[in-house]
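Architecture at a glance
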Amino acid sequence: MSNVTNTAIRVVALRIALAMILAFAVSISLTQISSAEHTPPVNGIVVGVETDDDGALTRFAVSDSTGTIHTFTIFKGTEYGLENQAGDRWVSIQEAEPSEAARRLRDHRERFAPITVTSENGTAFSVVEREEGKLETNLGYLFAVFAVTWALFFAYVLYLGRKQRVLQHEIARLKGASGK
Amino acid sequence: MNKILDLLDPLLILSATLMGVALYLIFIWVPTETNQGAVQRILYFHVPVAWGSMLGIFVVSGSSFMYLLKKNEKWDRLAVASAEVGLIFGGMMLLSGMIWARPVWAVWWTGEAKLTTALILFFIYVAYLMFRSYFPPGAQRQRLAAIIGVIGAIDTPIIYFAANLWSQAHPPLITGPAADAESTLGSDLGTVLLVSTLAFTFLFIFMVQTRYKIRKSEDDVVELKRASSASAMTGVN
């Protein structure tokens, strides 16, 4: 019996050790991938747009809040989500409408409308309206944090309450059985 | 048996009162931050719950160390209670951070040092509690769990300094001894953060206290069962 227990303990301990090593390895890999490839998104206004002979967007430059100029190149999968002055949103990718992207970015430059660019190694992956910076549109995120926070707390309190009831019942039963 | 989950507990009342004050300050009193807008108010939840999750691992580590020294059950109970509550706070830290990251960074997760070390803290809590639930009860489990608890605290200073050591998307420290003078909060924002942190700290203590009492009752049940089976065996013999 003791040998069986010891073997079971070793198996469980080994599994936990493996799980911890795996979790640690995944975390380290994520950090390495991040430091190697990930660049924080850039928020700013468009200060330069470059096109080729056909009018297709090839490069553009963004100035962030500190005045630093970031230059981005485009590839055929670059995604766009940009609005015109009336608020109509244009969603597309570079491959589909290469010259429209240049026109939209020039429009943003003229209006000083801020955009958010996600990129890797200077290549833009997405160019979107900085709509999240608007006060009226990000309340949903604030609500989500509230809802998640309090739902978790209440779930935990309910769990504690249920546990307490089970224990009270168990103690009463055991005390009754022992005649105390 | 005394009521464990006491809704009239002074700690809970204090926490609820401060939480009410914090809500007023967050949504009515404090001015809206100009760059991020309303979503910046997530700061007043994200930082206090992050503080709670780190406080949790400190308590786990300290009480685990005391258990290894004194072999007193109360330290082990405190470590378990704190680990469970720390896990809740750690989960909230990750979730609130992800929800905040989406509008301001345009991604849910970046995998940078600060976020990754915070995720490791969450894994440490999970590993600690998994270990305790899988390992058979007894002194060996408590001793090994205590060792995990002590080692787990190593992650805490790394999380705290991560944003300053590896400058990436996460903003640098705004509070504490290592905070950069240029990035500290203004007095209004600092006041709200302080009140909110106090409210969550009292809530943390209340939850740990409640979980500690439940753990004590669980131990009592085990003792009663042991005594009951011992007397049954005596009766048979």
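Within each chain, residues carry numbers counting from 1 in the order of the written sequence. Naming scheme: in the order in which they are written, chains are lettered from A and ligands are numbered from 1. Predicted model: local features are reported for residues with pLDDT of at least 70 only, side-chain atom pairs are reported and counted for 80 or more only, and whole-chain, interface and lining totals are derived from all residues.

Regarding the overall build of chain B
Of the regular secondary structure elements, chain B holds 7 helices and 0 strands. Strands here mean DSSP runs of E at least two residues long; helices mean DSSP runs of H or I at least four residues long; both are numbered from the N terminus. Counted from the first residue to the last, chain B has its helices and strands arranged as α-α-α-α-α-α-α. When the 237 residues of chain B are sorted by exposure, 45% land in the buried category. Whether a residue is buried, exposed or partly exposed follows from its count of other C-beta atoms within 10 Å of its own C-beta, namely 20 or more, 12 or fewer, or something in between, respectively; the C-beta atoms are built from the backbone.

Side note on the overall build of chain A
If you tally the helices and strands in chain A, you get 3 helices and 7 strands. Going residue by residue from the N terminus, the α and β elements of chain A occur as α-β-β-β-β-β-α-β-β-α. Of all 180 residues assigned to chain A, the portion counted as buried reaches 18%. Here contacts are defined at the residue level, using C-beta atoms placed from the backbone and a cut-off of 7 Å between them. Once local pairs closer than 6 in sequence are excluded, the contacts in chain A between residues at least 24 apart make up 45%.

Topic: the packing of helix H2 (residues 43-70) of chain B against helix H5 (residues 139-152) of chain B
All names here are of chain B. The axes used here are C-alpha line fits, helices contributing only the stretch in contact, and every angle between their N-to-C directions lies in the interval 0 to 180 degrees. Interhelical geometry of H2 versus H5 gives an angle of 135° and a closest axis separation of 8 Å. Classified by the interaxial angle, the pair formed by H2 and H5 is oblique. Remark: the crossing between H2 and H5 carries left-handed chirality. Together, Ile-57, Val-60, Ser-61, Ser-64, Phe-65, Tyr-67 and Leu-68 of H2 and Gln-142, Arg-143, Ala-146, Gly-149, Val-150 and Gly-152 of H5 make up the contact between the two elements. Of the residues contributing to the contact of H2 with H5, the split by class is 7 nonpolar, 5 polar and 1 charged. Comment on the angle field: the value is read as roughly parallel under 35 degrees, roughly antiparallel over 145, roughly perpendicular from 65 to 115, and oblique elsewhere. For any helix crossing, the convention is left-handed if the near helix is rotated counterclockwise from the far helix by under a right angle, and right-handed if that rotation is clockwise. Residues are grouped as follows: Ala, Val, Leu, Ile, Met, Phe, Trp, Tyr, Cys and Pro are nonpolar; Asp, Glu, Lys and Arg are charged; every other residue, Gly included, is polar.

Side note on unusual backbone geometry
For A:Asn121, which is not glycine, the phi torsion reads 50° and is therefore positive. Tracing the backbone through its elements, the reader meets A:Asn121 in the loop between strand E6 (114-120) and strand E7 (123-129). Residue class for A:Asn121 comes out exposed when judged on the 8 C-beta atoms lying within 10 Å of it. Of note in the backbone geometry, B:Lys71 takes a positive phi value of approximately 60° without being a glycine. Of note, B:Lys71 is situated in the loop between H2 and helix H3 (73-105). Residue B:Lys71 is classed as partly exposed on the basis of its 13 C-beta neighbours within 10 Å.

Side note on the pairing of strand E5 (residues 89-93) of chain A
All names here are of chain A. Judged from the 5 bridges that link them, strand E4 (residues 79-83) and E5 form a sheet pairing that is antiparallel. The partner of Gly-81 across the bridge, within E5, is Val-91. In this antiparallel pair of consecutive strands, E4 and E5, the connection spans 5 residues, and Gly-87 shows a positive phi of 95°. The pairing criterion for strands is at least two bridges between them, as found by DSSP.

Description of the confidence of the model for chain B
All names here are of chain B. Each residue carries a pLDDT score, the predictor's own confidence in it, on a scale running from 0 to 100. Counting all residues, the mean pLDDT for chain B is 83, and 84% of those residues have values of 70 or more. The least confident element of chain B, judged by mean pLDDT, is helix H6 (residues 155-165) at 71; the most confident is H2 at 93. Per the prediction output, this complex has pTM 0.66; the corresponding ipTM is 0.75.

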